[in-house]
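# Chain and residue survey
Take a look at the letters that make up each chain.
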Amino acid sequence: MTQAKAEFQEELAAKGIRGILAESDLLKISRSVGCCDVYCHRLPCGVACLIKTYLDRPLWVRRLFGRRSLKNEFKRLVDFERFGIRVPKPYALLDADTLVEEFLENVVRLRDTRDYDDTTRPGREFFVELISMVRKMHASGLVHGDLRRANIMIQADGNPCMVDVATSIHLKERSWWGKRMLFNAFRNSDLFSLARIVMSFYPDLIDDDLNRAIEQAPWYLRLGRFFRQEIYRPLRGKRRKPERKSC
Ligand SMILES: Nc1ncnc2c1ncn2[C@@H]1O[C@H](COP(=O)(O)OP(=O)(O)O)[C@@H](O)[C@H]1O
Ligand SMILES: [Mg+2]
């Protein structure tokens, strides 16, 4: 990995970040002004890295939101790694607007249960591991805050890996009450999302704790769901997803 980092620095010195981006694959172009673009860049040694950048966003977005978000993501990736919770390895926060991290090879994102059949559906072990991963994360004082299928990857060995920890919070002993409140809100949100995902695949894995998370879904999550399904999706011309019995 040291070789990869050295090669990246060499390329950076020779081509600059724009030059590197020009030679990278665009994985996800931002669909809104507040989001970053995501690239994959392969180094001569064969190692690939993921580049998240706000370089093409207006200065006010970068100042107000982008830089904080990337800085937080970088720090939290370091925390996750320290606590032994599988997320991409943090490589560098380049300029304030660009984050470089490990590109996860041979992973696929977790999809909706309807996208699988009996032969392709992830096994129970995947979800057992995912539940224990989320619990370990919370016990370590970390929350994800944006836990959804798009941010959960299935690795080649069948184990889960979380990505996109830009909204994550690390609660410390001396954290002030506002941060504690946000931590609790995000913790509930993580558990609610986790419970709904697991419920849609293997309802028998739902224990009392996860059941409570579904039954006592906080008002802000219900409100968020309402906005997403009744306002945002129709406005963007997307069809409302039909309700599922199990989820
Ligand atoms: N480290 C990574 N390795 C491989 N693919 C990744 C990695 N991080 C993110 N992705 C893929 O890129 C997509 C967008 O990245 P993400 O960090 O979630 O950005 P956004 O904030 O735009 O959601 C993810 O849904 C995932 O499919
Ligand atoms: Mg994401």
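## Focus: the site of ligand 1
Every one of the 14 residues lining ligand 1 counts as a neighbour, but Lys 28, Lys 52, Glu 102, Leu 104 and Asp 164 are closest to it. Here an oxygen atom of ligand 1 and a side-chain polar atom of Lys 28 are 2.9 Å apart. Measuring from a nitrogen atom of ligand 1, one finds a backbone N or O atom of Glu 102 at 2.8 Å. Notes on ligand 1: free accessible area 540 Å², of which the protein chains cover 86%. If you list the elements that add at least two residues to the shell around ligand 1, you get β3 (48–53) and β5 (98–102). In terms of residue class, the shell around ligand 1 is built from 8 nonpolar, 1 polar and 5 charged. Both domains that furnish three or more residues to the shell around ligand 1 are identified here as domain 1 (14–102) and domain 2 (108–235).

## Some details on the sheet that holds strand β1 (residues 25–28)
Here 5 strands make up an open sheet; going across it, the order is β1-β2-β3-β5-β4 and the pairing antiparallel. Strands at the two margins of the open sheet, each flanked by one partner only, are β1 and β4 (90–93). Recorded for the sheet is a direction-independent mean angle of 25 degrees between the axes of neighbouring strands. With 6 bridges connecting them, strand β2 (residues 37–42) and β3 associate as antiparallel partners. Within the sheet, the bridge partner assigned to His 41 lies in β3 and is Cys 49. The sheet strands contacting helix α1 (residues 2–22) are β2, β3, β4 and β5, and the helix crosses β3 at an angle near 40 degrees. Packed onto the sheet, helix α2 (residues 59–82) meets β3, β4 and β5 and runs at close to 155 degrees relative to β4.

Cut-offs and rules
Residues numbered from 1 in each chain as written. Chains lettered and ligands numbered in written order. Predicted model: local features only at pLDDT ≥ 70, side-chain atom pairs only at ≥ 80, totals over all residues. Heavy atoms only, no water. Near = heavy atom within 4 Å. Polar contact = N/O pair within 3.5 Å; in protein donor to acceptor, adjacent residues only side chain to side chain. Areas by Shrake-Rupley, 256 points an atom, 1.4 Å probe, with all protein chains shown as cover. Helix = DSSP H or I, 4+ residues; strand = E, 2+ residues; numbered from the N terminus. Nonpolar A, V, L, I, M, F, W, Y, C, P; charged D, E, K, R; others polar. Domains from an automatic or database assignment. Pairing = 2+ DSSP bridges. Axes fitted to C-alpha atoms, helices over the stretch in contact; angles between N-to-C directions. Contact = heavy atoms within 4.5 Å.

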